[in-house]
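# Remarks on the overall topology
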Amino acid sequence: MSANGKVSVATMWLSGCSGCHMSFLDLDERLLDLSKLVDIKASPIVDIKFDQMPEVDVGIVEGCVNNDEEAEHLRHLRDRCKILIALGDCAIMGNVPALRNQFRLADCLTRGYVDTESTQIGEIPSDPVLPQLLARARPLQEVVKVDVSIPGCPPDADTIWYALTELLAGRMPQWNERNLKYD
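Calculation criteria
- Residues numbered from 1 in each chain as written.
- Predicted model: local features only at pLDDT ≥ 70, side-chain atom pairs only at ≥ 80, totals over all residues.
- Heavy atoms only, no water.
- Helix = DSSP H or I, 4+ residues; strand = E, 2+ residues; numbered from the N terminus.
- Rg over C-alpha atoms; globule rule 2.2 N^0.38 Å.
- Salt bridge = Lys/Arg side-chain N within 4 Å of Asp/Glu carboxyl O.
- Buried < 20%, exposed > 50% of the residue type's maximum accessible area, 1.4 Å probe, protein only.
- Core = buried A, V, L, I, M, F, W, Y, C linked by side-chain atoms within 4.5 Å.
- Contact = heavy atoms within 4.5 Å.
- 1 Å grid on protein atoms, 1.4 Å probe; cavity = no way out; pocket = protein on both sides within 12 Å on 5 of 7 lines; lining within 4 Å.
- Points joined across faces, edges and corners; volume = space filled by probe spheres on them.
- Nonpolar A, V, L, I, M, F, W, Y, C, P; charged D, E, K, R; others polar.

### Digging into the overall build of the protein chain
The helix and strand inventory of the protein chain stands at six helices and seven strands. Along its sequence from the N terminus, the protein chain presents helices and strands in the succession β-α-α-β-β-β-α-β-α-α-β-β-α. What you see for the protein chain is a C-alpha radius of gyration of 18 Å, in line with the 16 Å of a compact globule of 183 residues. If one aligns the C-alpha atoms of the protein chain with their principal axes, the spans along those axes are about 55 × 40 × 30 Å.

The following block contains the structure:
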C-alpha cells in the first residue's frame, strides 16, 4: 500500500497495440473513483522509466513477450508486485503478435526487412542496442507467474472496472456470460 493507504499500481505494455490501455482510459469518470482507491506509480501513460519502477501492490501488463528486453521488464515488474494481472488476449495467449509463431523467425525478419515492397536498405538490423527477438512470441504466463487474467481484445472498460473493483474488494473476478463481451 502507498503511504496514503491506497493500493499502489504499475502498468506496462509489451508487444501489442496499446488498446488495453486505451480501454483502461475509457473508464472515463470512473477513473476519478478509482483514483480515490489506487495510486498509479508507473505506467506508459505517466511516462515513468523502467529503471525507476517502484515496488507496487498490483502490476497490470498488456501485450505478449516478443523480445529479450520485454522479458526482462516483465520479470522486473513481477519481482516488484504482489499481484500481476495479464490484461487482454495478447498478454493471456499471445493473440495477433503471436501469429509470427507459425513461421521461422529468420523468415519473419527477412520478410520484414529484406523482401518488403518498401525496402531500401535490404538488411536485417543487427545493432547491439536493439532488443533481440525471441524465437517465439510468448504469453505472460510462459515467462512469469500471472495471478489474474482479464480477457478481451481489448477488454472493454466495464470488464476492466469489474475486475479491478473485485480485486480491490478482496475477491477474485469470476468470469461468465454476463461480464464478458465478445463483439
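### A short note on unusual backbone geometry
The step from Cys153 to Pro154 runs through a cis peptide bond, and the omega angle for that step is -15 degrees. When you line up the elements, Pro154 lands in the loop between strand E7 (148-150) and helix H6 (157-168).

### A word on the pattern of salt bridges
Where charged atoms from two side chains of opposite charge approach closely, those side chains can pair. Under the defined criterion, the tally for this structure stands at ten salt bridges. A salt bridge links Lys82 to Asp57, with the nearest nitrogen and oxygen atoms 2.9 Å apart. Of this pair, Lys82 sits in strand E5 (residues 81-87) while Asp57 sits in strand E3 (residues 56-62); the two residues are 25 residues apart in sequence, bridging distant segments of the chain. Owing to a relative accessible area of 59%, Lys82 belongs among the exposed residues under this scheme. A salt bridge links Arg171 to Glu166; the nearest nitrogen and oxygen atoms lie 2.9 Å apart. For Glu166, a relative accessible area of 14% gives the class buried. Three or more residues are tied together by salt bridges with common partners; here these are Arg78, Lys145 and Asp147.

### Quick word on the nonpolar core
By size, the foremost hydrophobic cluster in this structure holds 20 residues, and its most contacted members are Leu14, Val61, Val65, Leu74, Leu77, Leu84 and Leu140. Elements with a minimum of two residues in this core: strand E1 (7-13), E3, helix H3 (68-80), E5 and helix H4 (89-93). Leaving out residues up to four positions away in the same chain, Leu77 has contacts with Ala10, Met12, Met53, Val56, Gly59, Val61 and Leu84. By size, the runner-up hydrophobic cluster in this structure holds 19 residues, among which are Val9, Cys20, Leu34 and Val38.

### Quick look at the environment of Glu72
Positionally, Glu72 belongs in helix H3. On the accessibility criterion, Glu72 (46% relative accessible area) is partly exposed. Between the C-alpha atoms of Glu72 and Val7, which are 65 residues apart in sequence, the distance is 24 Å.

### Some remarks on empty space enclosed by the protein
Per the counting criterion, the structure on display carries one cavity of 30 Å³ or more. By volume, the largest cavity is sized at about 90 Å³. In terms of lining, the largest cavity is formed by 14 residues, of which the most central are Cys17, Cys20, Glu62, Cys90 and Cys153. When contributions to the lining of the largest cavity are tallied by element, the ones reaching two or more residues are helix H1 (19-25) and H4. Here the lining of the largest cavity gets three residues from one element, more than from any other, and that element is H4. Looking at side-chain class alone, the lining of the largest cavity contains seven nonpolar, five polar and two charged residues.

### Considerations on the layout of surface pockets
Roughly 220 Å³ of volume is contained in the second largest pocket. As for the second largest pocket, its lining consists of Leu105, Leu109, Tyr113, Ile124, Pro125, Ser126, Asp127, Leu130, Pro131, Gln132 and Leu133. For the lining of the second largest pocket, the leading source of residues is helix H5 (residues 105-113), giving three residues. Residue classes in the lining of the second largest pocket are distributed as eight nonpolar, two polar and one charged.

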